Amino acid sequence: MINSLLSKYIVFTFSLLPIAMSLGPAIPDIIISLGGIVFLILLYLSKNIFFLNKKYFFVFLLICIYLIFTSLISSNPLLSLESTLFYFRFGIMALVIVYLCENTNFIRYFSISLSVTLIILSMDAYIEFFLGQSILYFIFFGESSLYYKECVECINYSGRISGIFGDELILGSFLIRLFPLSIALLYFNFSSNKYFNYFLTFFIVLVSSVIFLSGERTAFFMLLLFIFISIIIISNLRKNF
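Sequence order as written defines the numbering, with residues in each chain counted from 1. Where totals are concerned, whole chains, interfaces and linings use all residues; where local detail is concerned, this predicted model gives features only for residues with pLDDT of at least 70, and gives and counts side-chain atom pairs only at 80 or more. Side-chain numbers come from the whole structure's heavy atoms, not from hydrogens or water.

Caption draft 1: Inspection of a nonpolar patch on the surface at higher detail. Judged by side-chain polarity, Ile2, Tyr9, Ile30, Leu34, Ile37, Ile41, Tyr44 and Leu45 come together as a nonpolar surface patch covering roughly 780 Å² of accessible area. Sorting the residues of the nonpolar patch by element identifies helix H1 (2–15) and helix H3 (26–46) as the ones contributing at least two each. Only runs of H or I of at least four residues qualify as helices and only runs of E of at least two qualify as strands under DSSP, and these elements are numbered from the N terminus. No other element matches H3, which puts six residues into the nonpolar patch. With respect to the helices and strands, the residue Ile41 is situated in helix H3. The patch calculation keeps residues exceeding 30% relative accessible area without a salt bridge and links them within 9 Å when they carry like charges or within 5 Å when they are nonpolar (Val, Leu, Ile, Met, Phe, Trp, Tyr). Only the protein chains shown count as cover for residues, with accessible areas throughout obtained via the Shrake-Rupley method and a probe of 1.4 Å. We count a salt bridge whenever a side-chain nitrogen from Lys or Arg sits within 4 Å of a carboxyl oxygen from Asp or Glu.

Caption draft 2: Focus on the environment of Leu136. The topology assignment puts Leu136 in helix H8 (residues 135–141). Burial classification: accessible surface area is computed with a 1.4 Å probe over protein chains only, and a residue below 20% of its type maximum counts as buried, one above 50% as exposed, and the rest as partly exposed. Relative accessible area serves as the criterion here: at 15%, Leu136 is assigned to the buried category. Considered as a pair, Leu136 and Ile120 are 16 residues apart in the sequence and their alpha carbons are 9.0 Å apart. Apart from residues lying up to four places away in sequence, Leu136 is in contact with Ile120, Leu121, Asp124 and Ile164. We call two residues in contact when some of their heavy atoms are within 4.5 Å.

Caption draft 3: Up close: the confidence of the model for the chain. Per-residue pLDDT for the chain has a mean of 81; in total, 89% of the residues score no lower than 70. A score from 0 to 100, pLDDT tells how confident the predictor is in each residue. The spread of mean pLDDT over the elements of the chain runs between helix H9 (residues 146–153), the lowest at 52, and helix H11 (residues 196–213), the highest at 90. The low-confidence segment residues 152–157 (pLDDT under 50) makes six contacts with residues lying over four places distant or belonging to another chain.

Caption draft 4: Molecular detail of the nonpolar core. Judged by nonpolar contacts, the single largest core of 53 residues is most densely connected at Leu175, Phe179 and Ile183. Those elements giving two or more residues to this core turn out to be H1, helix H2 (17–21), H3, helix H6 (88–101), helix H7 (104–131), helix H10 (171–190), H11 and helix H12 (217–233). Ranked by residue count, the leading element in this core is H10, at 10 residues. Once residues within four sequence positions are removed from consideration, Leu175 is found in contact with Leu118, Leu121, Ser122, Val207, Val210 and Ile211. For this analysis, a nonpolar core means a set of buried residues of the types Ala, Val, Leu, Ile, Met, Phe, Trp, Tyr and Cys, connected via side-chain atoms within 4.5 Å.

Caption draft 5: Looking closely at H1. In a regular helix each residue adds 1.5 Å, so 14 residues correspond to 20 Å; H1 covers 20 Å between its end C-alpha atoms and thus fits that length. For H1, the full list of buried residues reads Leu6, Ser7, Ile10, Val11, Thr13, Phe14 and Ser15. On its buried face, H1 is in contact with H2, H3, H6 and H7. Multiplying 1.5 Å by the helix residue count minus one yields the expected span of that helix.

Caption draft 6: Spatial organisation of the packing of aromatic side chains. Under the pairing criterion, centres of Phe, Tyr and Trp rings, with the six-membered ring standing for Trp, must be within 6.5 Å; the plane angle then separates stacked pairs below 30 degrees from edge-to-face pairs above 60, leaving the rest tilted. For the structure on display, the rule yields 13 aromatic pairs. Considering the side-chain rings of Phe39 and Tyr99, the 5.6 Å spacing of their centres and the 55° angle between planes classify their relative orientation as tilted. Of this pair, Phe39 sits in helix H3 while Tyr99 sits in helix H6, placing them 60 residues apart in sequence. On the basis of relative accessibility, which here comes to 18%, the residue Tyr99 falls in the buried class.

Pasting the structure below:
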């Protein structure tokens, strides 16, 4: 019973990571840290050492020990330990991902969560583009977005939208880094649905256009590169693109 609850907790919280990532680094860090602790407790209760009994995991632990040792003998041990003492959390995170990928429910939930997040962020970006105000930024942070303030004050107005990210002009970068993964997961989970191609076309047009409107040249170049490679390699995507 306890093992089932812990497993459901990990699946549920990690499914919310796409939404949490759009709200800043603090919430994802909390989710990952708590998820790692719960995962270790789950392994202990279930007596399952399969995930830990791997050569690469022991190699990773040796690297962590080496990093801590080099920090202790450095000129400023306390400053150095800030980045090395808890470096092992990345290894635990990798094990959690392996564990979750074996759960078909997680893959489905994560796919839905990721796609819904990108759609909401993109629609909010369109609202900001036409009305000058990000609804999400106003709801979560209680103030006008950068785009709106620049429109009103006419100071250094660049016409770039930022959505929920406010003063950080990273909307396009955020979308393009999750966009290919979202399409892959959608294909994996919902390609058999008769309305899938209509939804996928809508999804591609919506997110791609927002990446263009964000004004980030690197993000737009990555989008073009992704489209080009997808059209060549994945025949099923050619029609949608």
